[in-house]
Amino acid sequence: MSSIYLQALLSGIASGAVYGLIALGLSLQFGVMKIINFAHGSFLMMAMYVSYALATQAGLHPLVTAPLTAVALFVVGYACQRWLIDAIYRKEISREPIGVLIFTTGLWIFLDYGFLALVGPDSRSVDSPWANDVLVMGDLIFTYPQLAGLLVAAVITAALVAFLRYTRTGRAIRATGQDREAAGVLGIDSARVYQLSFAIGLGVLGVAGALLLPLYPANPFVGDIFGMRAFVIVVLGGIGSVAGAFWGGIIVGVLESVGSQLIPVTYAEALIFLLFLAVMYFRPSGLFGVENE
Amino acid sequence: MNKHRRLQLKAGLVGALAASALLGASLVHAADPVRIGYLIPLSGSAAASIGKDMSRATHLAVKHINESGGIKSMGGAPLELVEVDTRGDAKVAITEVERLITREKTPVLLGAFQSGVTFPATAAAEKYRTPWVVDLAAKADITERGFKYVFRPTQVPASSNADSMADFISFAGKATGKPAKTVAMVYENTDWGQDMANTLRAKFKAAGIEVVLDEGYPPNSPDLRPLVLKVKGKKPDVVTVTAYAADAVQLHKLLAQMQVGAMAYVGSAAGQIDSNFIPLVGKGIASQVFTTNGWAGYESSITTPFAKRFWDEFVATNKVDPNELSVSAYAAVWVIKDALERAGKADPEAIRDALAKTRIEGTDLTKLIGYDIVIDDKGQNPKKRYVMQQITADGEYRTIWPENLASKSYRMVWPANAPKP
């Protein structure tokens, strides 16, 4: 029986790492641009279909599709910021970017139904033996996509944290996030920083989509399921905190997995949102966020 | 010159008028089509792929009825579907019901597959005194409200599906000498899932099978692994899975991956008989899964030219085999056709009265669906029974219970071998 709890804990960490990776881009975008990208789940859905197309049409291994999906989503993110969001953002330079928020909501619905029209409502998943193979260690069982998800999510989070902390571009991104005007005075081109941040956010999401596909089949509305979770994680981990998103994801994953062993599964789902409300109330900057005041 | 041209023009006008009069006359003689308001989920998550399957069959029935001369008592009036996508949303469905009745003037409604949608939407139609033929929604209460305009010829309450699951599990134990002592019940936390669970719980108790896990889960959960782990911890002999396609696929994959090791996995039709189920889980995992089915399949049912025509054309256009859902959808239109023949006019009251007196026995249609249709005073056809099937290693569904409908070429495997991912 105790092995069930250990399995639940470890499975929860593995699922949570992927949740964290999904939330990471959202957190970065919010931290730097102060915009909430409601289309985040839809971009995840797009990433899953890109990965699916690469796996089935080009016959690539699900893991090999990850870097390619990342590049594709990076380009989508760059283009989206440069030619769509930037124009709206500029008009609202002096006030809260509400227009962008509404725009991404529209984009969310547009993408979901656009994909519905394009690919149909059927669920699709990769037909790879790797996706169902298991690794048995004593009483514990893991699938390869679970292990890959945990490992890749951890590496990417660490790499992104290092990039933001130690590179010149990374510091420029953080500086713009902290104070755009001051950063501008110091010669940082905020428009370029935004394009880059949005593109990086979606690039990371591309990897997440490719990792998720062997675990959960893609359908045009799959983004709604994981997008909602990503918002919870971003708030839990601390808005704008990259490492916080990762740990926030793991907390949600473990809570869901271990909690489900102790109470009915439906309540475990509610428990996640209860934690979300509690964090919002007692610590609005998130568990790993820095107080702004 | 001028005058000449005007004359020509006049002659032309007269000719055109005459022609249009003739055309008009012929239009008057050809009967107006009977419009059927059809509500079905075509988008929005899990139920949409079933909705699509059903919609194709419904359209095929309309085509076949029209090709064979339409409604003869109404001068060969053809049927016409006014199809709307409910998106699986009750609010959308209620709005569409009102629009179909008041704007589109459809005298009869058909649909809407899901119980959660059909239950409130039929109440809206009842208010407008417009008859509704329920195609597949299984919630018992749909025909338990004393409604006068709601008929369910091709579906029985969910409890009947659950009855068959529990009865089969007892039967298999007796037939093989390896009875199941414990069961884990996993079901989606919805109207339908809970209806099923209520019946299963009572039946297992009566049969002396201990329920070691009784767990509803929210549909479309991001991760069902915790639930499957919980099942594994209880070491059940049998696991019952009540889910639609997307969740059923996840659950059966995880049950195999996590090596839960039960004697049998028994599905409640829906997800396990969805045309996407076997392609998505793979034959290794699907093999030897048990599932109820509201239809006994090719071997037992395709015995007449009428049935063959349905089967062949459905397969030709859709590239998948028909299933209970498509057969029921197909049959429901024929039930409307039967009522229209007796009503003789496209009037909601007349159609209602005809539907209430429906009695279709021993025809080509009943051979196709495997049961007679006799509407009782609740609007229900109580004659339908669920069969139990097992999926073969080749990904075929074979009926194994009840014995009179069982396949002659396939023998049940119980306990089932462990599924191989």
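Worth saying up front: this structure is predicted, and the values here are computed from it rather than measured.

Moving on: the overall build of chain B. A tally of helices and strands in chain B yields 15 helices and 14 strands. Across its three principal axes, chain B shows a C-alpha extent of roughly 100 × 45 × 40 Å. Buried residues in chain B amount to 54% of all 421 residues. Long-range contacts, defined as pairs at least 24 residues apart, comprise 69% of the intrachain contacts of chain B with a sequence gap of at least 6.

Our focus in this paragraph is the overall build of chain A. Secondary structure assignment for chain A yields twelve helices and two strands. Along the chain direction, N to C, the helices and strands of chain A fall in the order α-α-α-α-α-β-β-α-α-α-α-α-α-α. Against the 2.2 N^0.38 benchmark of 19 Å for 293 residues, chain A shows a C-alpha radius of gyration of 19 Å, consistent with a compact globule. With respect to the three principal axes, the spread of C-alpha positions in chain A is 60 × 45 × 35 Å. Buried positions account for 53% of the 293 residues belonging to chain A. Sequence separation of at least 24 residues holds for 78% of the intrachain contacts in chain A that already meet a minimum separation of 6.

Right, let's get into the packing of helix H1 (residues 2-33) of chain A against helix H6 (residues 144-166) of chain A. Residue and element names in this part refer to chain A. Two elements in contact, H1 and H6, have axes separated by 8 Å at closest approach and are oriented at 45°. For the element pair H1 / H6, the angle class is oblique. The two elements H1 and H6 meet at a crossing, and its hand is left-handed. Facing Ser11, Ile13, Ala14, Ala17, Val18, Gly20, Leu21 and Leu24 of H1, the residues of H6 in contact are Gln146, Leu147, Gly149, Leu150, Ala153, Ala154, Ile156, Thr157 and Leu160. Looking at the contact of H1 with H6 residue by residue, the classes come out as twelve nonpolar, five polar and no charged.

On to the interface of chain B and chain A, then. Between chain B and chain A, the contact holds 33 residues from the first and 31 residues from the second. Among the secondary structure elements, those contributing two or more residues to the side of chain B that touches chain A are helix H2 (48-67), strand S7 (210-217), helix H7 (225-234) and helix H8 (245-257) of chain B. Ranked by residues supplied to the side of chain B that touches chain A, first place goes to H7(B) with seven residues. Here the side of chain B that touches chain A is built from residues that sort into 13 nonpolar, 13 polar and seven charged.

Turning our eyes to something else, we now look at the sheet that holds strand S5 (residues 150-151) of chain B. Residue and element names in this part refer to chain B. Read across the open sheet, the five strands follow the order S2-S1-S3-S4-S5; overall the sheet is parallel. Bordering the open sheet on either side are strand S2 (79-85) and S5, each of which pairs with just one other strand. Packing of H2 onto the sheet brings it into contact with strand S1 (34-40) and S2, and relative to S2 it is tilted by some 165°.

Another point: the domain arrangement of chain B. All names here are of chain B. Looking at the assigned domains, one finds that chain B contains domain 1 (34-156 + 300-374) and domain 2 (159-295 + 386-405). Here the C-alpha centroids of domain 1 and domain 2 sit 28 Å apart. At the interface, 21 residues of domain 1 touch 23 residues of domain 2. Elements represented by at least two residues in the side of domain 1 that touches domain 2 include exactly H2, helix H4 (115-127), helix H11 (298-301) and helix H13 (324-343). Looking at the side of domain 1 that touches domain 2, its residues break down into nine nonpolar, nine polar and three charged.

Now for the sheet that holds strand S13 (residues 387-391) of chain B. Residues and elements named next belong to chain B. Strand order in the open sheet made by the seven strands is S7-S6-S8-S9-S10-S13-S14, with mixed pairing throughout. What marks the edges here is a single partner per strand, and that holds for S7 and strand S14 (397-401). Between one strand and the next, the sheet's axes are offset by a mean angle of 25°, whatever the strand orientation. The pairing of strand S9 (residues 264-267) with strand S10 (residues 290-293) spans two bridges and is parallel. Looking at S10, one finds that Val266 is bridged to Phe290. Packed on one face of the sheet, H7 meets strand S6 (182-188), S7 and strand S8 (238-242) and runs near 175° to S7.

Attention now goes to unusual backbone geometry. Residue and element names in this part refer to chain B. Gly111 connects to Ala112 through a cis peptide bond whose omega is -10°. Of note, Ala112 is situated in the loop between strand S3 (108-111) and H4. A positive phi angle, close to 55°, is found at Arg87, a residue other than glycine. Mapped onto the fold, Arg87 is located in the loop between S2 and helix H3 (90-102).

Residues and elements named next belong to chain A. The complete set of buried residues in helix H7 (residues 168-178) reads Ala172, Ile173, Thr176 and Gly177. Down the axis of H7, the smallest arc covering the buried residues is 135°, so these residues share one side. Tucked inside the fold, the buried residues of H7 contact H1, H6, helix H8 (180-185) and helix H9 (190-212).

Attention now moves to the pairing of S7(B). Residues and elements named next belong to chain B. Note: S6 against S7, seven bridges, orientation parallel. What sits directly across from Val186, in S7, is Glu215. Since S6 and S7 lie parallel, the crossover through helix H6 (residues 191-207) that links them has a hand, and here it is right-handed.

In terms of nonpolar packing, the biggest core is built from 228 residues, with Leu21(A) and Ala208(A) touching the most fellow members. The contacts of Ala208(A), once residues within four sequence positions are left out, are Val18(A), Leu21(A), Ile22(A), Leu44(A) and Ala47(A).

With that settled, consider the environment of Ala278(A). Residue placement: Ala278(A) occurs in helix H12 (residues 265-282). For the pair formed by Ala278(A) and Leu236(A), sequence separation is 42 residues and the distance between their alpha carbons is 9.5 Å.

So, about the environment of Ser15(A). Its place among the elements puts Ser15(A) in helix H1. Separated by 63 residues in sequence, Ser15(A) and Tyr78(A) have C-alpha atoms that sit 28 Å apart. When neighbours within four sequence positions are excluded, Ser15(A) is seen to be in contact with Gly253(A), Ser257(A), Asp223(B) and Arg225(B).

Right, let's talk about the pairing of S1(B) for a bit. Regular strands show a simple pattern: their side chains alternate between the two faces of the sheet. All names here are of chain B. S1 sits mainly inside the fold: six of its seven residues count as buried. In this structure, S1 lies alongside S2, joined through seven bridges in parallel fashion. Among the inter-strand pairings, Tyr38 is bridged to a residue of S2, identified as Glu83. Both S1 and S3 contribute to a ladder of four bridges, which runs parallel. Of the residues in S3, the one forming a bridge with Leu39 is Gly111.

Cut-offs and rules
Residues numbered from 1 in each chain as written. Chains lettered and ligands numbered in written order. Predicted model: local features only at pLDDT ≥ 70, side-chain atom pairs only at ≥ 80, totals over all residues. Helix = DSSP H or I, 4+ residues; strand = E, 2+ residues; numbered from the N terminus. Buried ≥ 20, exposed ≤ 12 C-beta atoms within 10 Å, placed from the backbone. Contact = placed C-beta atoms within 7 Å. Rg over C-alpha atoms; globule rule 2.2 N^0.38 Å. Axes fitted to C-alpha atoms, helices over the stretch in contact; angles between N-to-C directions. Parallel < 35°, antiparallel > 145°, perpendicular 65-115°, else oblique. Left-handed = near helix turned anticlockwise from the far one by under 90°. Nonpolar A, V, L, I, M, F, W, Y, C, P; charged D, E, K, R; others polar. Pairing = 2+ DSSP bridges. Domains from an automatic or database assignment. Arc of directions from axis to C-beta. Right-handed = clockwise from strand over helix to strand, strands pointing away. Core = buried A, V, L, I, M, F, W, Y, C linked by C-beta atoms within 7 Å.

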